[in-house]
Amino acid sequence: MISSKEYDFHSLVKVAEMAGLAGVVSFHPAGDDYLVTFPDVADAPKMVADFRARLRGLENNIWNF
């Protein structure tokens, strides 16, 4: 689950594109938040970790300007 208060949908899509995961991950509304689903593959935990790290990196870049 990813809070819509932290990240908007556009940011999630942009990070997926930057991580090479566009079309691989899916985004689903979950109340006011988003559920991001990853494929059920052996390296899924690595994909999730990379996605979250890129979200933090995007957040740091936005707030550092």
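Keep in mind that this is a model prediction, so the values were computed, not measured.

### As for the pairing of strand E1 (residues 26-30)
Phase 1 of the analysis: Where E1 meets strand E2 (residues 33-37), five bridges bridge the pair, whose relative direction is antiparallel. Among the inter-strand pairings, His28 is bridged to a residue of E2, identified as Leu35.
Phase 2 of the analysis: Hairpin connection between E1 and E2: a loop of two residues separates the two successive antiparallel strands, and Gly31 in this loop has a positive phi of roughly 70°.

### As for helix H1 (residues 9-18)
Phase 1 of the analysis: Turning to H1, its buried residues are Ser11, Leu12, Val15 and Ala16. Down the axis of H1, the buried set is contained in an arc of 135°. They therefore lie on one face.
Phase 2 of the analysis: Residue Gly20 follows H1 closely and has a positive phi angle near 75°.

### Some remarks on the pattern of salt bridges
Phase 1 of the analysis: Scanning the model with the defined rule gives one salt bridge in all.
Phase 2 of the analysis: For the salt bridge of Asp50 with Arg54, the shortest nitrogen-to-oxygen distance reads 3.0 Å. Of this pair, Asp50 and Arg54 both sit in helix H2 (residues 44-63), four residues apart, which is roughly one turn of the helix.
Phase 3 of the analysis: Residue Asp50 is classed as partly exposed on the basis of its relative accessible area of 30%.

### Remarks on the environment of Val48
Phase 1 of the analysis: Along the polypeptide, Val48 turns up in helix H2.
Phase 2 of the analysis: Considered as a pair, Val48 and Val25 are 23 residues apart in the sequence and their alpha carbons are 9.6 Å apart.

Calculation notes
- Residues numbered from 1 in each chain as written.
- Predicted model: local features only at pLDDT ≥ 70, side-chain atom pairs only at ≥ 80, totals over all residues.
- Heavy atoms only, no water.
- Pairing = 2+ DSSP bridges.
- Helix = DSSP H or I, 4+ residues; strand = E, 2+ residues; numbered from the N terminus.
- Buried < 20%, exposed > 50% of the residue type's maximum accessible area, 1.4 Å probe, protein only.
- Arc of directions from axis to C-beta.
- Salt bridge = Lys/Arg side-chain N within 4 Å of Asp/Glu carboxyl O.

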